[in-house]
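Spelled out from the first residue to the last, the chains are:
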Amino acid sequence: MSAAPVKFAYWVPNVSGGLVTSKIEQRTDWGYDYNRELAVLAENNGFDYALSQVRYMASYGAEYQHESTSFSLALLLATQRLKVIAAVHPGLWHPGVLAKLGATADHLSNGRFAVNVVSGWFKGEFTALGEPWLEHDERYRRSEEFIRVLRRIWTEDHAELAGDFYRLRDFTLKPKPLNTPERPHPEIFQGGNSTAARQMAGRVSDWYFSNGKDFDGVVEQIADVRASAEQAGRRAPKFGLNAFLIARDTEAEARDTLREIVAQADSEAVEGFGAAVKQAGPSTADGKGMWQDSGFEDLVQYNDGFRTGLVGTPEQIAERIVAYKRLGVDLFLLGFLHYHEEVEYFGKRVLPLVRELEAHLPDPRDESVPAPA
């Protein structure tokens, strides 16, 4: 458990269709004006980060989509404190080109740019663009090398690297990103639930994003990532957990909202998405991976966000968030049904309760904290 307050990020709805693949009303818009207002609202209601999604073509309820890096920069310029994470795909980006873009974005935002390296789940995007689709573990090998190149360019002059996927020959980037007391270069996030993803996170990443998980799932993943980091002789990455948050004045209201989301699910889109991602687990060497055991209801929120269980009253949700923090979760990546209203509700009703509960937690340096029942 970290002594630092738990942080909060939100999924930027820069992709049409909202954060659930359902025909239920979602008072959320994928356009810039809506998202600019949302970013300001979020940073004024306790959010530390925003994550811009990446889709390159229409798929599974996401008919329209804004590109993640340019959209992230626009949000950075519209805000004062919010850090914005741009999702990118190795194989569709060269790390040297991204390093240049990231350095410029970092200067323009006074050190608030970050990147999320996505190894890829949607084969159709790669094949439609004429790019090779690698086997699962090879995609993570490429992502690891991508991150090594990115960090080397951001921190070294005359960078050299002879890899299987990328090569640097006496490359120097100027200006480099800002080097601040908080971070020596833009923070590097990654996702993935597979063994390859966990091992890669321990070796190279600053942050590890997990799909939605219950307490046992979080304990298992954190242990694996920390073991990988220890083996690599480096500090373990911080841990972020995906969750779809439904906070209502009563538990019954919150549960009814969840039931309605699932009841009105776009079955064709959910099943299409499920078919596209199910190969992620079985294609790994040990059969572990994202969406490996996700059922229909889980896939209605396409990163298993319901599994984290942040559904109920502000008090119930705050207690569950702090229980996850006790296990080692440093950040929650949240999605909402109606963003503007619910982000403000979160800031006013849920976050103060989280901070109050955190203030009563034991100092992690004093004792070992048991897992919640």
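Refer to the preceding data block for the structure.
Presented here is a report on the structure given in the accompanying data block. (Residues numbered from 1 in each chain as written. Predicted model: local features only at pLDDT ≥ 70, side-chain atom pairs only at ≥ 80, totals over all residues. Heavy atoms only, no water.)

## A look at the pattern of salt bridges
The condition that has to hold: Salt bridge criterion: a side-chain nitrogen from Lys or Arg within 4 Å of a carboxyl oxygen from Asp or Glu. Secondary structure elements are defined from DSSP: runs of H or I of at least 4 residues count as helices, runs of E of at least 2 residues count as strands, and each element is numbered from the N terminus. Using a 1.4 Å probe on the protein chains alone, a residue whose accessible area is under 20% of its type maximum counts as buried, one over 50% counts as exposed, and one in between counts as partly exposed.
Within the structure shown, the criterion is met by 21 salt bridges. Between Asp33 and Arg36 there is a salt bridge whose closest N-O contact spans 3.0 Å. You can see Asp33 and its partner Arg36 sitting in helix H1 (residues 32–43), 3 residues apart, about one turn around the helix. We classify Arg36 as partly exposed; its relative accessible area is 29%. Note that Asp157 is salt-bridged to Lys176, the shortest N-O span being 2.5 Å.

## Some remarks on the side chain of Gln301
Put simply, the rule reads: Contacts are assigned to residue pairs that have any heavy atoms within 4.5 Å of one another.
Looking at the secondary structure, you find Gln301 in the loop between helix H10 (296–300) and strand S11 (311–312). The buried category is assigned to Gln301, whose relative accessible area is 1%. For Gln301, the residues in contact, after removing those within four places along its chain, are Leu19, Val20, Asn242, Phe244 and Phe306.

## Things to note about the pairing of strand S2 (residues 49–52)
Counted only if it meets this: Paired strands are those between which DSSP finds at least two bridges.
Judged by which residues are buried, S2 turns out to be covered on both faces: Tyr49 and Leu51 on one side and Ala50 and Ser52 on the other are all buried. Direction of pairing for strand S1 (residues 7–12) relative to S2: parallel, over a ladder of 4 bridges. Looking at S2, one finds that Tyr10 is bridged to Ala50. Bridge analysis of S2 against strand S3 (residues 83–88) gives 4 bridges, and the strand direction is parallel. Looking at S3, one finds that Ala50 is bridged to Val84.

## Description of the environment of Leu41
For Leu41, the position within the fold is in helix H1. For the pair Leu41 and Val343, spaced 302 residues apart in the sequence, the C-alpha separation amounts to 7.4 Å. Non-local contacts of Leu41, meaning those with residues more than four positions away in its chain, are made with His340, Val343 and Glu344.

## Some points on the sheet that holds S1
The condition that has to hold: Inter-axis angles, ranging from 0 to 180 degrees, are taken between N-to-C directions of lines fitted to C-alpha atoms, where helices are fitted over the stretch in contact.
One closed barrel accounts for 8 strands, arranged S1-S2-S3-S4-S7-S8-S9-S12; its pairing is parallel. Strand-to-strand twist across the sheet, computed as the mean angle between neighbouring axes with direction ignored, equals 25 degrees. Alignment of strand S4 (residues 113–117) against strand S7 (residues 188–190), held across 3 bridges, turns out to be parallel. Within the sheet, the bridge partner assigned to Val117 lies in S7 and is Gln190.

## With respect to the pairing of strand S12 (residues 331–335)
Most of S12 is tucked away: 5 of the 5 residues are buried. Residues Leu331, Leu333 and Gly335 of S12 are buried on one face, and the alternating residues Phe332 and Leu334, pointing to the opposite face, are buried as well. Across 5 bridges, strand S9 (residues 238–244) lies against S12 in parallel orientation. By the bridge assignment, Gly240 is partnered in S12 with Leu331.

## As for the packing of helix H6 (residues 195–204) against helix H7 (residues 215–232)
Counted only if it meets this: Here the angle decides the label: under 35 degrees means roughly parallel, over 145 means roughly antiparallel, 65 to 115 means roughly perpendicular, and every other value means oblique. Rotating anticlockwise by less than a right angle from the far helix to the near helix defines a left-handed crossing, while the corresponding clockwise rotation defines a right-handed one. Charged means Asp, Glu, Lys or Arg here, nonpolar means Ala, Val, Leu, Ile, Met, Phe, Trp, Tyr, Cys or Pro, and polar covers whatever is left, Gly included.
Two elements in contact, H6 and H7, have axes whose closest approach is 7 Å; the angle formed by their N-to-C orientations is 45 degrees. Relative to H7, the element H6 lies oblique. Seen along the crossing, H6 lies across H7 with a hand that is right-handed. Contact residues: H6 offers Arg198, Gln199, Ala201, Gly202 and Arg203, while H7 offers Glu220, Gln221, Asp224, Val225, Ser228, Ala229 and Ala232. Residue composition of the contact of H6 with H7, by class: 4 nonpolar, 4 polar and 4 charged.

## Structural notes on H6
Of all the 10 residues making up H6, 7 are buried; the element is thus mostly covered by neighbouring parts of the structure. Taken together, the buried positions of H6 are Ala196, Ala197, Arg198, Met200, Ala201, Gly202 and Val204. Packing partners of the buried residues in H6 comprise helix H5 (136–155), S7, strand S8 (207–210) and H7.

## Observations regarding the side chain of Glu187
Counted only if it meets this: Note that His is not counted, nor are the chain ends; the positive residues are Lys and Arg, and the negative ones are Asp and Glu. Polar contacts here mean pairs of N or O atoms no more than 3.5 Å apart (in protein, one a potential hydrogen donor and the other a potential acceptor; neighbouring residues in sequence count only if both atoms are side-chain atoms).
The residue Glu187 is located in the loop between strand S6 (167–171) and S7 in this model. Among buried charged residues, Glu187 stands out as having no salt bridge; its nearest opposite-charge side chain is Lys83, 4.4 Å away. Of the polar contacts made by the side chain of Glu187, one reaches the side chain of Trp207; its length is 3.0 Å. Other than its neighbours up to four places away in sequence, Glu187 contacts Tyr49, Lys83, Phe113, Ala114, Val115, Asp206 and Trp207.

## Description of the environment of Ile317
Inspection of the secondary structure assignment puts Ile317 in helix H11 (residues 314–327). We classify Ile317 as buried; its relative accessible area is 1%. Residues Ile317 and Val354, 37 residues apart in the sequence, show an inter-C-alpha distance of 8.6 Å. If we ignore the near neighbours within four places in the chain, the residues touching Ile317 are Leu245, Ile246, Ala247, Leu310, Val311, Gly312 and Val350.

## Notes on the nonpolar core
Condition: Among buried residues, those of type Ala, Val, Leu, Ile, Met, Phe, Trp, Tyr and Cys that are joined through side-chain atoms within 4.5 Å constitute a nonpolar core.
Membership of the largest hydrophobic core comes to 78 residues, with the highest contact counts inside it found for Phe8, Tyr10, Phe47, Phe332 and Leu334. In terms of residue count, H11 provides more of this core than any other element does, 7 residues in total. The next biggest cluster of nonpolar side chains, apart from the first, holds 24 residues, and it includes Tyr140, Val149, Leu168 and Leu173.

## Looking at the layout of surface pockets
To keep things clear, this is the line we draw: Lining residues are defined by having an atom within 4 Å of a point belonging to a cavity or pocket. Those points lie on a 1 Å grid over the protein atoms alone, cavities being sets where a 1.4 Å probe fits but cannot get out and pockets being open sets with protein on both sides within 12 Å along at least five of seven lines. Grid points are joined across faces, edges and corners, and a volume is the space filled by probe spheres set on the points.
In this structure, the largest pocket encloses a volume near 930 Å³. In this structure, the largest pocket is lined by 37 residues; those nearest its centre are Asp206, Arg235, Ala236, Pro237 and Lys238. Breaking the lining of the largest pocket down by element, the ones donating at least two residues are H5, H6, S8, H7 and S9. When residues in the lining of the largest pocket are grouped by element, the largest group, 4 residues, is from H5. Classifying every residue of the lining of the largest pocket gives 15 nonpolar, 5 polar and 17 charged.

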